[in-house]
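Structural overview
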Amino acid sequence: MSLTAAGAWATPPDGMEETGSIDAPVPGTVAGALERAGRFDRTAPYPLNDKDAWYVLDLAGERPGAATLLFEGLASVAEIYWNGAPVAVSQSMFAPLEVSVTLSGRDRLAICFRALAPHLARKGPRARWRPQMITPQGLRLVRTSLLGYMPGWCPEIHPAGPFRPVRLKCDDGGRRQRDLRLSARLADDGTGHLDLSFIAPGLKEAVLRCAGRSLAMDRAPDGRFMGRLAIPDVEPWWPHTHGRPALHAVEIEADGERRSVARTGFRRISLDRGTDGSDFRLVVNGSPVFCRGAVWTNADIVDLPCERDRYEPFVRLAAQAGMNMLRIGGTMTYETADFFRLCDEHGILVWQDFMFANFDYPAQDPAFAAFVEREAEDFLTGVSASPSLAVLCGGSEIYQQAAMLGLPERSWAGPLTEEILPTVAARLRPDVPYAENSPSGGAMPFSPNAGVTHYYGVGAYCRPLEDARRAGIRFAAESLAFANVPEQSTLDAHLDVPAVHDPRWKARVPRDRGASWDFEDVRDHYLEELYGADPARLRRENLPHYLALSRAVSGEVMEATFAEWRRPGSSANGALVWTLQDLLPGAGWGVIDATGRPKPAWYALRRAFRPVQVLLCDEGTNGLDVHVLNETAEPLELVLELSCLREGRQRVAGGKRKMSLGARQAASFPATALFGAFFDTTYAFRFGQPAHDVTVAKLRCAGAGMVLAEAFHFPLGRAEALRPATVSATLVEDENGWFLSLEADRLAQSVAIEADGFLPSDNWFHLAPAEAKTVRLVPDADTVGRKPSGEVHGIGLATAATF
C-alpha cells in the first residue's frame, strides 16, 4: 500500500514498490497497515480522509481463463484496476462488488481508495436539519460508517481500505452454488420449515438434508435448485437465558458429494405492541423475553475486523454476563456472517440497525435509494441462515434528531425508514420484526413510556434512581451510559497517567459534542448521591478511594435500575446498556475494556442479568417486596432466605421460605411474609432509631443448598452501611481449578479481587457475613498451570487480604 496526496496518481504507477509502500494485510484498513508499520498512533490519529491509498497485489501461477473478483467491503470510494485498466468503481462501504476478469497467469490487481474529504465537501439536496454530534454534514450523502466522525464519542480514525475480504473465484463449470437463499422458520405446531434455493447450472441433481430429514430438490431450466423441507417436532432455537440455542446443519448432496451449506436454527419471533399499540415486547417461540445486553461498537476501531477470532472474546463475555441481546447501532458498520454465527451459537439475539443515523438522508434521490435497497439486500442475504437476527431497525436517532430540533412530526419519517427498508426486510427476512427507528413510538420519538426509547434519565440526565420506574419505559435500545473505570491493571499497562487530572485521561472520557459536561461528571453525580462523598475532594485527597468508589458506583446504579425493570409488574420489556466495549483503554462507555478485560460494571450486569434471580424493591410504606424469577426452561425447587442486619452483622429479623417455581415463571410477595410479623424493612415509618442497615436475600437450590442469586437492600443508603469490615481469603485447588473462599465478619461492600493473570468468576460484589463465598479464578492463556496470588480489597474493608 502507498499513501499519496489526493489525486496525485490518476492511474496505477509503475514501480510503486519504490514509492515508500508498506505491507498491507487484507482484510484490513489503511490505519491498520500504517499502525503495523509504526506510522500511525490510534491514541493521537491524524486525518486519513484527505489522502489516496493505493493497494496493489501481483498474482502469478493462476490458471488462465475467466474468473470473478469478489470485494466484500471497500471503504469507501474505490477504483479497481486489472492489469492497469479500470474495471469498476465502488461508492459504498456497505455493498459488495463482483467484477469479471480474465486471468493470464501473471496479473496485477490495484485498488485506489480515493480521498473521501472532497466527496464530503460536495453539496447535495438541502437538508431539513443538521445533527450536532456528527461532522461533516456531507456524510449523509456518502455510504460510509460514521465511526471516526463523531468528536468526543470515538477517536477520529477514518475508515478506509479493503476492510472485508477480497476473493478470487475461478470458473468451476457451474458446480459452485451462486445466489444462495435460505430461510428457516418455526410453525406454531413445532414444525420447522426450511427453504433453500441456489443456482448451479453444472449440477444435475441435489438433495437437501437437515435434522435427519431429506428432500430431492427441484431443478429449473436455468439451473436454479429449489427445495422446501418440513421437519416435524424440530428442536427450536432459544436465547441462552431461556433455553438451548439449538442449531442444525444444512447440507446438500449433489452428484454424490455432500456439501455443508450452513447451520441454522428454527424459532419464531413476534413483536407484541400491547392493547394500546405503545408496547414493545419480543415474544420468542410463544414466550415473552426480557431482552438485556448492550450496544456493540466494534472489535477494533483501527482494523474494523471481521474474523471470528476477533469477535469471539467479546461475544463470549457478553453471553457469560447473561446478555441475551446485542444491538448494532446505525453509527457503526454491518458485521459479517461470522459475528452472527457466534451469536447463533451463544444464544444472543441481535438488534440490527441499518447504517443510518441522525441525518436527513436524500431518500427521494433515485440513485441514493438504489444504493440503500442494494445495501439492505446484500446484508440480509448474507445472514439469512441466522436465527439470532431478532429486530431490524431503520436506523438510529433520525426521528429524535428532527424532533429535538423542533421540526413537526411529518418531518421525522420518510421513505427511507417507512418504505424502502421495511419493504426489503419483509421480502428477505419476514421472520424478523421491523422497527422504523430507534427511538420511536411515543408522543415524542424519545418519550420513554411508549415504543422504543434511548433512556438516559438515570445516567446522563442525573435523575434519581427512582426515575427508572417513574419513566415507565417499554424498551430501551440504549441506556445507562457512564464513564466506566477499568481495572487498575489495564490502566497501569495502557494509560499510566494520573487519573482524571491528566489531559490524556480526559481525552478517553466520552462526551457529547458541545456539552459543558462529560460522562465522568455523570458518574461523579451518582458517586455523591450513593456514598455521600465529595468527588472533587476525594480526587485531591484520596485518589485510590475515589477510583474504587468510581468503579463500584456505575455497577451499583446498573444493578438497581435493572432490578426495577425486571420485577414483575414493570412496564419494561428490555434494556440495552451503552456500550459493550471501549474503543480505547480508559474510562469509556464500555463494560469491557479495549483490551478485552471485563470492567467492574460487567460483573454488576452479570449479577443483574441472572436467569434465576431474586430482587428486592423498596415500595416505601408498603415495605420491601421480594421478586423471584425463573426464566429457564426447567421448573425449580428453591429456598429463599431473608436477613435484616444491624451494623452489617447482627440479625434482627429474618425468615425462610421453600417455593416451587415453574419454567419461565415469577413470584412476588412482601418481605414481611417471611417474618410472620411487622418489621419496618424500608425504614419508612421511622419509629425511633433504625433497627437495621441492610437486608440480604439469598436464593438457594433446594437440597443442594447452592446460592443461585443474592440481593441487597440498604434502607438508609449505601453510605450508612459502609463500615470497616475484615475479610479472610483462602486459596483452594481441586480438579476443576483454583478457587478463592472469602469470609467477612460483617457486610463488606464492593469486594474486589486482584489476581494477575486470572479472571474471577465474580468481582466487585457485596459479601454478607456468616457464610463463605467461593469465587473461581480462571487463568489466562499465559497463566495456565500457575498458582494464583493477589489481594482482596473493597470500598469498606479495614485492610486488604492477601492470598
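Attention in this report is confined to the structure presented alongside it. (Residues numbered from 1 in each chain as written. Predicted model: local features only at pLDDT ≥ 70, side-chain atom pairs only at ≥ 80, totals over all residues. Heavy atoms only, no water.)

**Some words on the overall build of the chain**
Assigned secondary structure in the chain consists of 14 helices and 42 strands. Projected onto its principal axes, the C-alpha coordinates of the chain cover approximately 90 × 65 × 60 Å. Every one of the 803 residues in the chain was classed for burial, and the buried ones make up 58%. With the model as given, the accessible surface of the chain reaches about 31,500 Å², and the carbon-plus-sulfur share is 48%. (Helix = DSSP H or I, 4+ residues; strand = E, 2+ residues; numbered from the N terminus. Buried < 20%, exposed > 50% of the residue type's maximum accessible area, 1.4 Å probe, protein only. Areas by Shrake-Rupley, 256 points an atom, 1.4 Å probe, with all protein chains shown as cover.)

**So, helix α4 (residues 337–346)**
All of the buried residues along α4 are F339, F340, L342, C343 and D344. Positive phi shows up at G347, right after α4, with a value of about 70°.

**A short note on the packing of aromatic side chains**
Evaluation of the coordinates by the stated rule reveals 32 aromatic pairs. Aromatic side chains F359 and Y361 sit 5.9 Å apart centroid to centroid with 80° between the ring planes, which places their arrangement in the edge-to-face category. For F359, a relative accessible area of 1% translates into the label buried. These aromatic residues form a ring-pair network of at least three members: F94, W296, Y311, F314, Y334, F339, F340 and F379. Between the NZ or CZ atom of R664 and the centre of the ring of W238, over which it lies, the distance is 3.9 Å. For K773, the ring lying beneath its charged end belongs to F765, and the centroid distance is 4.7 Å. (Phe/Tyr/Trp six-rings, centres within 6.5 Å; stacked < 30°, edge-to-face > 60°. Lys NZ or Arg CZ within 6 Å of the ring centre and 35° of its normal.)

**Topic: the sheet that holds strand β4 (residues 78–82)**
The antiparallel open sheet is built from five strands, whose spatial order is β1-β2-β7-β4-β5. Strands with a single pairing partner mark the edges of an open sheet, and in this sheet they are β1 (2–5) and β5 (85–90). Adjacent strand axes in the sheet meet at a mean angle of 25°, parallel and antiparallel pairs treated alike. Bridging between strand β2 (residues 51–60) and strand β7 (residues 106–113) involves eight bridges; their strand directions are antiparallel. Residue pairing in the sheet places D58 in a bridge with R108 of β7. (Pairing = 2+ DSSP bridges. Axes fitted to C-alpha atoms, helices over the stretch in contact; angles between N-to-C directions.)

**Digging into the packing of helix α11 (residues 519–531) against helix α13 (residues 543–566)**
Two elements in contact, α11 and α13, have axes whose closest approach is 9 Å; the angle formed by their N-to-C orientations is 90°. It follows from the interaxial angle that α11 and α13 lie roughly perpendicular. Residues E520, R523, D524, Y526, L527, L530 and Y531 of α11 pack against Y546, L549, S550, A552, V553, E556 and V557 of α13. (Parallel < 35°, antiparallel > 145°, perpendicular 65-115°, else oblique. Contact = heavy atoms within 4.5 Å.)

**As for empty space enclosed by the protein**
Taken as a whole, this structure holds five cavities of 30 Å³ or more when the rule is applied. Each pocket or cavity is described by its volume, and for the largest cavity that value is around 120 Å³. Around the largest cavity sit 17 residues that line it, and L48, N49, R114, P159 and A160 are the ones nearest its centre. Classifying every residue of the lining of the largest cavity gives 12 nonpolar, three polar and two charged. Estimated volume of the second largest cavity: approximately 50 Å³. As for the second largest cavity, its lining consists of S183, A184, T264, G265, S384, A385, S386, P387, R429 and D431. Tallied by class, residues from the lining of the second largest cavity come to three nonpolar, five polar and two charged. (1 Å grid on protein atoms, 1.4 Å probe; cavity = no way out; pocket = protein on both sides within 12 Å on 5 of 7 lines; lining within 4 Å. Points joined across faces, edges and corners; volume = space filled by probe spheres on them. Nonpolar A, V, L, I, M, F, W, Y, C, P; charged D, E, K, R; others polar.)

**Section: α13**
Here α13 contains 24 residues, and its C-alpha end-to-end distance of 35 Å stays within 8% of the 34 Å for a straight helix at 1.5 Å per residue. Burial within α13 is extensive, with 19 of its 24 residues counted as buried. (Expected span 1.5 Å × (residues − 1).)

**Things to note about a nonpolar patch on the surface**
A contiguous nonpolar surface patch, about 380 Å² in accessible area, is contributed by F678, F685 and F687. Checked against the element boundaries, F687 lands in the loop between β32 (665–670) and β33 (694–701). F687 sits in the exposed class, given a relative accessible area of 66%. (Patch = residues over 30% accessible without salt bridge, like charges linked within 9 Å, V, L, I, M, F, W, Y side chains within 5 Å. Salt bridge = Lys/Arg side-chain N within 4 Å of Asp/Glu carboxyl O.)

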